[in-house]
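Take a look at the letters that make up each chain.
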Amino acid sequence: MTDLPASRRTTAPAVSAAKGSDTPLVMVTAYDAPSARAVDAAGVDMVLVGDSVAMVVLGYEDTLQVTTADLAHHVGAVARTRPGALVVADLPWMSYHVGADDAVRNAATLVRAGAGAVKLEGGRKRLAAVQAILDAEIPVMGHLGLTPQSVHAFGGFRVQGRDLDAARAIVDDAIALAEIGCFAIVLECVPDAVARLVTDSVAVPTIGIGAGRHCDGQVLVLHDLLGLDEGRTPKFVRRYASLAADATAAVERFAADVRGGRFPSSDETYHAADAVADALRLYDGSAAEHAPA
Ligand code: KIV
């Protein structure tokens, strides 16, 4: 954990107040109880139950396939571990695009599942939804740059803000989100100069992913940093483990032990009391005697 208070649960206001701290904020995704326990035990500041669950856990090609009910299912699993980290839940595609009432109801579903804050994608065009959710007393984290819910509009998963107009638009979106009351803003896949200008322009922390070092914090998808997905990873991912390879090797050893008669051992077996075992052996014998030839 950073400079945030260690003795109690991390809150959105505490994250917001960490702007300007010398120690960057740390956020990592988790989608179930074991992964939530692992990232919380590592002392991260925020656990993100991201809509990336669609791609890294559920096997979809984009994040557009998951619903608020899907996210609530995963938020519940994470929240039941009672992490010290702030649980941030993604509002999925179409949960805040149709109207502010919908946005509030869907955000409330995620809070009732255990989230302490919600995250949504987009800038000035989402201000009405952000305002309505904030009015319902739910902290909102913004998300700008490569917003994966816009994959079709962007024509793919591409770095955003490369030209001056696009960069300026991201900065203006960030200023609008911060001014309306977002407690932090994720910046995904933007050039580092853009991230730096955003970070210097807003009074709330920026949390980067593929946005370089000039952010107030960093976030990675757990499965990427653990090497749980052997597929192609973007250049901003640093792998700290190779768990997919470790998992395959472990299951290969299990299969070899089963096939070689080495599993289970006597220690891995429940044994009956001697008298019961003897009686069972007698019974086996008499059963064999009466078996048809
Ligand atoms: O869903 C997610 O994992 C995210 C991160 C990439 C920030 O939104």
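As the structure is a computational prediction, the values presented were derived from the model and not from experiment. Within every chain, residues take consecutive numbers counted from 1 along the sequence as written. Note on the predicted model: pLDDT of at least 70 is required for a residue's local features to be given, and 80 or more for side-chain atom pairs to be given and counted; whole-chain, interface and lining totals, by contrast, use all residues. Each side-chain value is derived from all of the structure's non-hydrogen atoms; neither hydrogens nor water enter the calculation.

Draft legend 1. Seen up close, the overall build of the protein. Put simply, DSSP marks the helices as runs of H or I at least four residues long and the strands as runs of E at least two long, and each gets a number from the N terminus on. When you go through the protein residue by residue, the secondary structure sums to 12 helices and 8 strands. Reported as C-alpha extents along the three principal axes, the dimensions of the protein are approximately 90 × 40 × 35 Å. Counting across all 293 residues of the protein, residues that qualify as buried make up 44%. Pairs of residues are marked as contacts when any of their non-hydrogen atoms sit within 4.5 Å. When contacts within the protein are restricted to residue pairs at least 6 apart in sequence, those whose partners lie at least 24 apart make up 57%. Approximately 15,400 Å² of the protein is accessible, and the part contributed by carbon and sulfur atoms is 54%. Burial classes: relative accessible area under 20% of the type maximum marks a residue as buried, over 50% as exposed, and values in between as partly exposed (1.4 Å probe, protein chains only). Exposure was quantified through the Shrake-Rupley algorithm and a 1.4 Å probe, taking into account, for residues, occlusion by the shown protein chains and nothing else.

Draft legend 2. Examining the site of the ligand more closely. Taken together, the neighbourhood of the ligand is formed by T29, L48, G50, D51, S52, D90, K119, H143, E188, I209 and V221. Whenever two N or O atoms come within 3.5 Å, that pair is a polar contact, provided that in protein one can donate a hydrogen and the other can accept it, and provided that, for residues adjacent in sequence, both atoms are side-chain atoms. Contact between the ligand and D51: an oxygen atom at 3.1 Å from a side-chain N or O atom of the residue. Out of a free accessible area of 260 Å², the ligand has 96% covered by protein chains. Classifying every residue of the shell around the ligand by side-chain character gives 3 nonpolar, 4 polar and 4 charged. Being near a molecule or strand, for a residue, means having at least one of its heavy atoms within 4 Å of it. Amino acid classes used here: Ala, Val, Leu, Ile, Met, Phe, Trp, Tyr, Cys and Pro are nonpolar; Asp, Glu, Lys and Arg are charged; the rest, including Gly, are polar.

Draft legend 3. Just the side chain of H223, in detail. Tracing the chain through its elements places H223 in helix 10 (residues 222–225). What makes H223 buried here is its relative accessible area of 13%. Dropping the residues within four chain positions of it, H223 is found in contact with Y31, V56, V57, L228 and D229.

Draft legend 4. Broad picture of the nonpolar core. Counting 55 residues, the largest nonpolar core has L110, I133 and L187 as the members making the most contacts within it. The dominant element in this core, judged by the number of residues it contributes, is helix 8 (residues 164–180), at 6 residues. Beyond its immediate chain neighbours, meaning those up to four positions away, L187 contacts L144, A195, V198, T206, I207, G208, I209, A211 and C215. Residues grouped as a nonpolar core are buried Ala, Val, Leu, Ile, Met, Phe, Trp, Tyr and Cys residues, joined through side-chain atoms within 4.5 Å.

Draft legend 5. Here's a closer look at the sheet that holds strand 4 (residues 117–119). Spatial ordering of the closed barrel is given by 1-2-3-4-5-6-7-8, a layout of 8 strands whose pairing is parallel. In this sheet, neighbouring strand axes are inclined to one another by 25 degrees on average, regardless of whether the strands run parallel or antiparallel. The sheet contact formed by strand 6 (residues 184–188) and strand 7 (residues 206–209) spans 4 bridges and is parallel. Of the residues in strand 7, the one forming a bridge with V186 is I207. Working convention: axes come from line fits to C-alpha atoms, limited for helices to the stretch in contact. Angles between N-to-C directions cover 0 to 180 degrees. Sheet strands in contact with helix 8 are strand 5 (140–145) and strand 6, and its direction is about 175 degrees off that of strand 5. Should DSSP find at least two bridges between two strands, the strands are taken to pair.

Draft legend 6. Here's a closer look at the environment of A211. One can find A211 in the loop between strand 7 and strand 8 (217–220). For A211, a relative accessible area of 0% gives the class buried. Distance in space between the C-alpha atoms of A211 and A195 is 6.0 Å, their sequence separation being 16 residues. Among all residues touching A211, those that are not within four sequence positions of it are L187, V190, D192 and A195.

Draft legend 7. Summary view of the packing of helix 6 (residues 127–135) against helix 8. Close contact between helix 6 and helix 8 brings their axes to 10 Å; oriented N to C, the two are set at 20 degrees. Between helix 6 and helix 8, the crossing angle belongs to the class labelled roughly parallel. With respect to the hand of their crossing, helix 6 and helix 8 are arranged in right-handed fashion. Facing L127, V130, Q131 and L134 of helix 6, the residues of helix 8 in contact are A176, L177 and I180. Orientation categories follow fixed angle ranges, with anything under 35 degrees roughly parallel, anything over 145 roughly antiparallel, 65 to 115 roughly perpendicular, and all other angles oblique. When the near helix sits turned anticlockwise from the far one by under a right angle, the crossing is termed left-handed; a clockwise turn instead gives a right-handed crossing.

Draft legend 8. Representation of helix 9 (residues 192–201) within the structure. Taken as a whole, helix 9 has its buried residues at V194, A195, V198 and T199. Angularly, the buried residues of helix 9 cover 135 degrees about the axis, an arc narrow enough to put them on a single face. Seen from the buried face of helix 9, the exposed residues on the opposite side, beyond 90 degrees, are A193 and D200. Looking at the buried side of helix 9, the elements it contacts are helix 8, strand 6 and strand 7. The directions from the helix axis to the C-beta atoms are what the arc is built from.

Draft legend 9. Region of interest: the packing of helix 4 (residues 68–79) against helix 5 (residues 100–113). Two numbers describe how helix 4 lies on helix 5: the axes approach to 8 Å, and their chain directions differ by 25 degrees. By the criterion of interaxial angle, the relationship of helix 4 to helix 5 is roughly parallel. Where helix 4 crosses over helix 5, the handedness of that crossing is right-handed. Along its contact with helix 4, which presents T68, L71, A72, V75, G76 and A79, the element helix 5 presents N106, T109, L110 and A113.

Draft legend 10. A look at the confidence of the model for the protein. On average, the protein scores 94 in pLDDT, and the residues at 70 or more come to 94%. The predictor attaches a confidence to each residue, called pLDDT, with possible values from 0 through 100. The element-level mean pLDDT for the protein is lowest in helix 12 (residues 274–289), coming to 77, with strand 4 highest at 99.

Draft legend 11. Main features of unusual backbone geometry. In this chain, F263 is followed by P264 through a cis amide linkage whose omega measures 0 degrees. On the secondary structure map, P264 appears in the loop between helix 11 (243–259) and helix 12. Located in the positive-phi region is M94, a residue other than glycine, with phi close to 75 degrees. Tracing the backbone through its elements, the reader meets M94 in the loop between strand 3 (86–90) and helix 5. By relative accessible area, which is 39% here, M94 ends up partly exposed. In this model, C189 sits at a positive phi of 50 degrees, which is unusual for a non-glycine residue. Relative to the helices and strands, C189 is located in the loop between strand 6 and helix 9.

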